[in-house]
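# Breakdown of the fold
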Amino acid sequence: MPELPEVEITCIGLKPILQKSISNIIIRNPSLRWPIPSHLKKTLPNQKILHIKRRAKYIIIQFEKASLMIHLGMSGRLEILDKETPPEKHDHVDIAFHNSKNILRYTDPRRFGSILWVDGDIKNHFLISKLGPEPLESLFTRDYLFSKTHNKNSPIKNIIMDSHIVVGVGNIYASESLFKAGVLPSKLGKDISLSECTKIVKYIKTTLIKAIELGGSSLKDFYNVNGQSGYFQQTYNVYGMTGKPCRKCKTIIENKKIGQRSSFFCIKCQS
DNA sequence: CTGTAGACCTGGAGGC
DNA sequence: TGCCTCCAGGTCTACA
């Protein structure tokens, strides 16, 4: 489920728990990407949620002196549910609140996600401190991208998916953005021109923004029905379209592994 | 330092 | 039905 738009939409959907004070946490299975700290049982109760924000694909739930840093991995989900909702197999964590009939539930079949406790400023955390700029913020420009590509021997798709260069571009939106930019995912960084960087940056931004808007449009039933966003209703230009005709030129969409990941492209529209 | 392969883990789809 | 293989939205770590 989660690429950056889904994480953003999840953050927005968490607004109802702002200012709430935690009463209890139930950890059914602490084995995520990193173990969930067992001290949360003692640390978390009576902490008040002051802010909720996103950095890269991390959801940061801020308390007075520390934060919970939550990553959804490949298959994670956060939902606000009635506290009587019985837990299922992959519902690893519940957080309950004072004076509330709701809980925040973390579900993650593959357990690639993480729930970490960070004292002080998260900027200094080892998972955050070396991250590149946010794709939707002003630091992510043509010139910045060019400075990171012009001397690189790896495919452009790998470069834009490298969180040390720019965060939040996952496998779906990497393929989609490169299609719109007219650049083959396998093209090496050093062969990418300045004007191609202009397009890549532009279409990463517009693709992500559009996805957030689509997800946002279904926000009202985001957490009380099935936790899915507009994400699943989107149709893609190339992602998952292997063997189908390109929407622009009817050429058959191809799929090639680049950097271990499936990559989709139109050989005629992209070069 | 750079670039790539492997690792983590579960479930669903498709072939036989 | 059952077993096997392959595939899946992420990203850290180890190694050449």
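The rules we used
- Throughout this description, residue numbers start from 1 for each chain and increase along the sequence as written.
- Numbering of ligands from 1 and lettering of chains from A proceed in the order in which they are written.
- Local features in this predicted model are restricted to residues of pLDDT 70 or higher, and side-chain atom pairs are both shown and tallied only at a pLDDT of 80 or more, whereas totals for entire chains, interfaces and linings draw on every residue.
- Only DSSP runs of H or I with at least four residues qualify as helices, and only runs of E with at least two residues qualify as strands; both kinds are numbered from the N terminus onward.
- Throughout, the radius of gyration refers to the C-alpha atoms, and the reference size of a globule is 2.2 Å times the residue count to the power 0.38.
- Burial in this document is a count-based property: other C-beta atoms within 10 Å of a residue's C-beta are tallied, and the residue is buried at 20 or more, exposed at 12 or fewer, or partly exposed in between, with C-beta positions derived from the backbone.
- C-beta atoms are first placed from the backbone for all residues, and any pair lying within 7 Å is then listed as a contact.
- Here a strand pair is declared whenever DSSP counts at least two bridges between the two strands.
- Under this scheme, a helix contributes an axis fitted over its contacting stretch, all axes are lines through C-alpha atoms, and angles between N-to-C directions fall in the 0 to 180 degree range.
- Each residue receives a C-beta atom built from its backbone; the residue is near a molecule or strand if that atom lies within 6 Å of it.
- Polarity classes work like this: nonpolar for Ala, Val, Leu, Ile, Met, Phe, Trp, Tyr, Cys and Pro, charged for Asp, Glu, Lys and Arg, and polar for all others, with Gly in that last group.
- UniProt positions are given in the numbering used here, feature names are shortened, and annotations may be inferred rather than shown by experiment.
- What we call a nonpolar core is a set of buried Ala, Val, Leu, Ile, Met, Phe, Trp, Tyr and Cys residues whose membership is set by joining through C-beta atoms within 7 Å.
- By convention here, the domain bounds are inherited from an automatic or database domain assignment.
- One confidence number per residue, pLDDT, is output by the predictor and ranges from 0 to 100.

What follows is about the overall build of chain A. From N to C terminus, chain A includes 7 helices and 10 strands. On C-alpha atoms alone, chain A measures out to a radius of gyration of 20 Å, which is about the 18 Å that the 2.2 N^0.38 rule sets for 271 residues. For chain A, with 271 residues in total, the buried portion stands at 38%. Contacts in chain A between residues at least 24 apart in sequence constitute 65% of all its contacts with a sequence separation of at least 6.

Here we come to the sheet that holds strand S4 (residues 66-71). The 4 strands are arranged S2-S3-S4-S8 in an open sheet whose pairing can be described as antiparallel. The sheet terminates laterally at strand S2 (51-55) and strand S8 (114-119), the two strands that pair on one side only. Neighbouring strand axes in the sheet, compared pairwise and without regard to direction, differ in orientation by 25° on average. Examined bridge by bridge, strand S3 (residues 58-62) and S4 share 5 bridges and lie antiparallel to one another. Bridging from a neighbouring strand, Tyr58 pairs with His71 of S4. Sheet contacts for helix H1 (residues 4-13): S2 and S3; angle to S2, the most-contacted strand, approximately 175°.

Contacts to DNA strand C come from 17 residues, most closely from Lys57, Phe112, Gly170, Asn171 and Ser262. Considered class by class, the residues forming the surface near DNA strand C number 8 nonpolar, 5 polar and 4 charged.

With that settled, the discussion passes to the UniProt feature "domain: FPG-type" (unreviewed entry) in chain A. In the UniProt entry, the feature "domain: FPG-type" (unreviewed entry) is given for residues 237-271. Helix makes up 0% of residues 237-271 and strand makes up 29%, while its end C-alpha atoms are separated by 16 Å.

As a matter of local geometry, DNA strand B sits amid Lys89, Pro109, Arg110, Arg111, Phe112, Lys152, Asn153, Ser154, Asn158 and Gln260. Taken together, the residues of the surface near DNA strand B sort by class into 2 nonpolar, 4 polar and 4 charged.

What follows concerns the UniProt feature "binding site: DNA" (unreviewed entry) in chain A. Mapped onto this numbering, the UniProt entry annotates "binding site: DNA" (unreviewed entry) at His90, Arg110 and Lys152. These annotated residues cover 63 residues of sequence, and their C-alpha atoms sit far apart, with the largest distance between any two at 40.5 Å. Beyond its immediate stretch of four places on either side in the chain, His90 contacts Thr107, Asp108 and Pro109. Looking at where Lys152 falls in the secondary structure, it is placed in the loop between helix H3 (142-149) and helix H4 (156-160). For Lys152, the residues in contact, after removing those within four places along its chain, are Ile159, Gly189 and Lys190.

Side chains that are nonpolar tend, in soluble globular proteins, to be buried together. Among the nonpolar cores identified, the biggest contains 64 residues, and Ile70, Ile115, Ile160, Leu178, Ile200 and Val238 are the most heavily contacted of them. It is helix H6 (residues 194-217) that provides the largest number of residues to this core, a total of 7 residues. What Ile115 contacts, discounting residues up to four positions off in sequence, is Leu32, Ile36, Leu68, Ile70, Val93 and Tyr106.

This brings us to the domain arrangement of chain A. On domain assignment, one finds that chain A holds domain 1 (4-124) and domain 2 (142-265). Between the C-alpha centres of domain 1 and domain 2 there is a distance of 28 Å.

This next bit is on the confidence of the model for chain A. Detailed reading of the predicted coordinates is not advisable wherever pLDDT is low. The predicted model of chain A averages 93 in pLDDT, with 93% of residues at 70 or higher. Taken as a whole, residues 218-226 scores under 50 in pLDDT and shows 12 contacts with residues more than four places along the chain or in a different chain.

Our next topic: the sheet that holds strand S7 (residues 102-107). Strand order in this open sheet of 4 strands is S1-S6-S7-S5, and the pairing throughout is antiparallel. Two strands in the sheet have a free side with no partner beyond their single neighbour: strand S1 (22-27) and strand S5 (77-82). Neighbour-to-neighbour, the strand axes of the sheet open up by a mean angle of 20°, direction not taken into account. Both S1 and strand S6 (residues 91-97) contribute to a ladder of 5 bridges, which runs antiparallel.

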